[in-house]
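Spelled out, the chains give:
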Amino acid sequence: MPGLLSCPGGLIVIGITALFSVHIKSEIWTNEVSDVQFGRLGSRVTLRCEGYHGRSPVEWRLNGSSVPPLQALISEVSLTLLNARQSMEGNYSCHDGSGTLLQTIKLRLGYQPHFLQISCHVPNHEKIYCSWNQTKKTHLPTSYISSYSTKAEGVKACEQEYIGENKCTITNHSFWSSRVYINITEINPLGSNSTILKLDLLELLKPGPPEAVEVLQVEGQPTQLLVHWKYPASWTDDNPSAFPLTFLLRYRPAGSNYWSKVETEDTSLRIMDVLEGHLHQIQVRAQDALINHSQWSEWSHVAEARPWTEPREELTEDSLNIPFINSFPVRTTDKSPDSSIDQNEGFGLLVMLCLFAAFMVAVLLTIIALLWVSNRKRDNVKNQELTSMVKMKSIPI
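Only a predicted model underlies this, so the values are computations on that prediction, with no experimental measurement involved. (Residues numbered from 1 in each chain as written. Predicted model: local features only at pLDDT ≥ 70, side-chain atom pairs only at ≥ 80, totals over all residues. Heavy atoms only, no water.)

Enquirer: With reference to specific residues and values, describe the overall build of the chain.
Expert: Each helix and strand counted, the chain has 4 helices and 24 strands in total. In the chain, the share of contacts with a sequence separation of at least 24, taken over all contacts with a separation of at least 6, comes to 61%. For the chain, the accessible surface area stands at approximately 25500 Å², while carbon and sulfur atoms represent 55% of it. (Helix = DSSP H or I, 4+ residues; strand = E, 2+ residues; numbered from the N terminus. Contact = heavy atoms within 4.5 Å. Areas by Shrake-Rupley, 256 points an atom, 1.4 Å probe, with all protein chains shown as cover.)

Set out below in structure tokens:
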């Protein structure tokens, strides 16, 4: 895993000494040509009015206004800022007793370089890309010197387009020297600082995602899909057999939370168990086939497709089995005598059915009435018999 080395040793120290001999420890650095002076925030910063030989103290101004006495100590030819703050940056000028301008100094305030945050990625066996950011903003103009070293190759430059750029590229390195030390030295007018990162190239190797993923239907197979893809453009694909990739394909019905996965070293795969008629989502990712502890790429974009379905037959005269269809147009406003006869016959049949239903209802009601009368008579006879028996029992013998 990458590691940060604050105290490099051995070969690294030799390389740093050879490449980077500049180390500035001064708190203040003056550019005499442009009269720009740099100072560290939070410290004492002293400005001198060079070339003045008078006896009376000079007058100091900041951006045309007098410097507040509580912020600085003024001697004959110098101005000392007791606790430099960002608001004290600007154009300082010193004047003699008559107000004549003697010198102008532009003051820039900031911090010395600190350790950098470095990150590198390895998309193939030929290149390493590194970039970095400040962990502490210096507020000052900064440049960087970048290099790398291995046991096999010694110290070499990590290529930058320009010295102030915060990224570099290593090309044509010995990949099988898996331990690489990246050294980035940050330089500003207040000093310099080097940050060294140890890399394990085999663990960092991470291809780009597979490209041009395409999903096709398989004719006559409602549970199959055929998937094609290409090697990532960032991979060395001139000779894939030299640096082969293994691929992991995952697929699921649209809307499902569960993926099915299949691994292959080919750039095409036939899925055999998709759901009939359902839309499916497919993604592919890649890994170096020979280095199984390298990283998997990101997943490719989502490709979607439905499996083949049997086409439905269109309705035709033959499929409907209609023996005769009049091919001539019929005007609906014209009624032939035959059609009127059919309508009259239909109406007569409807009347006959209604009369028959009414007759059946009448017969049913008659039967119900007769049954009710019969039951009533039977009940009356039973009541009379009971009355007679009671009377006979009441006659004394």
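Enquirer: An account of the packing of aromatic side chains is needed here, citing residue identities and associated values.
Expert: A full pass over the atoms with the stated rule returns 3 aromatic pairs. Centre to centre, the rings of tryptophan 229 and phenylalanine 247 are 5.5 Å apart; their planes meet at 65°, and the pair counts as edge-to-face. Note that tryptophan 229 is positioned in strand S19 (residues 225-230) and phenylalanine 247 in strand S20 (residues 245-253), a separation of 18 residues in sequence. Overall, tryptophan 229 belongs to the buried group, its relative accessible area being 4%. (Phe/Tyr/Trp six-rings, centres within 6.5 Å; stacked < 30°, edge-to-face > 60°. Buried < 20%, exposed > 50% of the residue type's maximum accessible area, 1.4 Å probe, protein only.)

Enquirer: Go over the sheet that holds strand S4 (residues 45-48), please, and point to the residues and values.
Expert: With antiparallel pairing, the 3 strands of this open sheet are ordered in space as S4-S8-S7. Of all strands in the sheet, those bounded by a partner on one side alone are S4 and strand S7 (72-74). Geometrically, the sheet is characterised by an average inter-axis angle of 15° between neighbouring strands, direction not taken into account. When S7 meets strand S8 (residues 78-81), the two strands line up antiparallel, connected through 3 bridges. When the bridges of S8 are listed, leucine 73 appears paired with threonine 80. (Pairing = 2+ DSSP bridges. Axes fitted to C-alpha atoms, helices over the stretch in contact; angles between N-to-C directions.)

Enquirer: Which residues make up the confidence of the model for the chain, and what values go with them?
Expert: When pLDDT is averaged across the chain, the result is 80; 77% of the residues are at 70 or more. This stretch, residues 1-34, has a pLDDT under 50; its non-local contacts, to residues over four places away or in other chains, come to 65 contacts. For the stretch residues 322-341, pLDDT sits under 50, and the model shows 2 contacts to residues farther than four places along the chain or on other chains. (pLDDT = per-residue confidence, 0-100.)

Enquirer: How would you explain the side chain of serine 93 if you had to name every residue and give the values?
Expert: If you trace the backbone, serine 93 turns up in strand S9 (residues 90-95). Looking at serine 93, its side chain comes within polar contact range of the side chain of histidine 95, at 2.9 Å. Apart from residues lying up to four places away in sequence, serine 93 is in contact with Glu59, Trp60, Arg61, Leu101, Gln103 and Thr104. (Polar contact = N/O pair within 3.5 Å; in protein donor to acceptor, adjacent residues only side chain to side chain.)

Enquirer: Residues and numbers for the sheet that holds strand S18 (residues 211-217), please.
Expert: Strand order in the open sheet made by the 3 strands is S18-S19-S22, with antiparallel pairing throughout. At either end of the open sheet lies a strand with only one pairing partner, and these are S18 and strand S22 (268-271). Pairs of neighbouring strands in the sheet enclose a mean axial angle of 15°, with direction left out of account. Bridging between S18 and S19 involves 5 bridges; their strand directions are antiparallel. The partner of valine 215 across the bridge, within S19, is valine 227.

Enquirer: Please set out the nonpolar core residue by residue, giving values where relevant.
Expert: Core analysis: the largest hydrophobic core is formed by 41 residues, its most contacted members being Ile182, Leu199 and Leu249. With 4 residues, S20 is the single largest residue contributor to this core. Among the nonpolar cores identified, the runner-up in size contains 20 residues, and Leu41, Val45, Trp60 and Leu107 belong to it. (Core = buried A, V, L, I, M, F, W, Y, C linked by side-chain atoms within 4.5 Å.)

Enquirer: Account for the pairing of S20, with residues named and values stated.
Expert: With 8 of its 9 residues buried, S20 lies for the most part within the structure. The pairing of S20 with strand S23 (residues 280-288) spans 9 bridges and is antiparallel. Residue pairing in the sheet places arginine 250 in a bridge with glutamine 283 of S23. The sheet contact formed by S20 and strand S21 (residues 260-264) spans 5 bridges and is antiparallel.

Enquirer: Run through a nonpolar patch on the surface, naming residues and quoting values.
Expert: There is a patch of nonpolar side chains on the surface, built from Phe356, Phe359, Met360, Val363, Ile367 and Leu371 and spanning about 600 Å² of accessible area. Tracing the sequence through the fold places phenylalanine 356 in helix H4 (residues 337-394). Residue classification places phenylalanine 356 among the exposed positions, given a relative accessible area of 53%. (Patch = residues over 30% accessible without salt bridge, like charges linked within 9 Å, V, L, I, M, F, W, Y side chains within 5 Å. Salt bridge = Lys/Arg side-chain N within 4 Å of Asp/Glu carboxyl O.)

Enquirer: How would you sum up the state of the cysteines? Please name residues and give values.
Expert: Tallied over the full model, the rule gives 3 disulfides. Here cysteine 49 is linked by a disulfide to cysteine 94, with a sulfur-sulfur distance of 2.0 Å. Because the torsion about its S-S bond is 70°, the bridge between cysteine 49 and cysteine 94 counts as right-handed. On the criterion of sequence distance, the pair formed by cysteine 49 in the loop between S4 and strand S5 (59-62) and cysteine 94 in strand S9 is long-range, its members being 45 residues apart. Here cysteine 49 and cysteine 94 have matching classes, each one buried. Disulfide pairing places cysteine 158 opposite cysteine 168 at an S-S distance of 2.0 Å. (Disulfide = S-S within 2.5 Å.)

Enquirer: Account for the environment of aspartate 266, naming residues and giving values.
Expert: On the secondary structure map, aspartate 266 appears in the loop between S21 and S22. Residue classification places aspartate 266 among the partly exposed residues on the basis of a relative accessible area of 49%. Remark: the alpha-carbon pair of aspartate 266 and leucine 245, spanning 21 residues in sequence, is separated by 8.6 Å. Every residue in contact with aspartate 266, bar those within four places of it in the chain, is listed here: Trp229 and Phe247.

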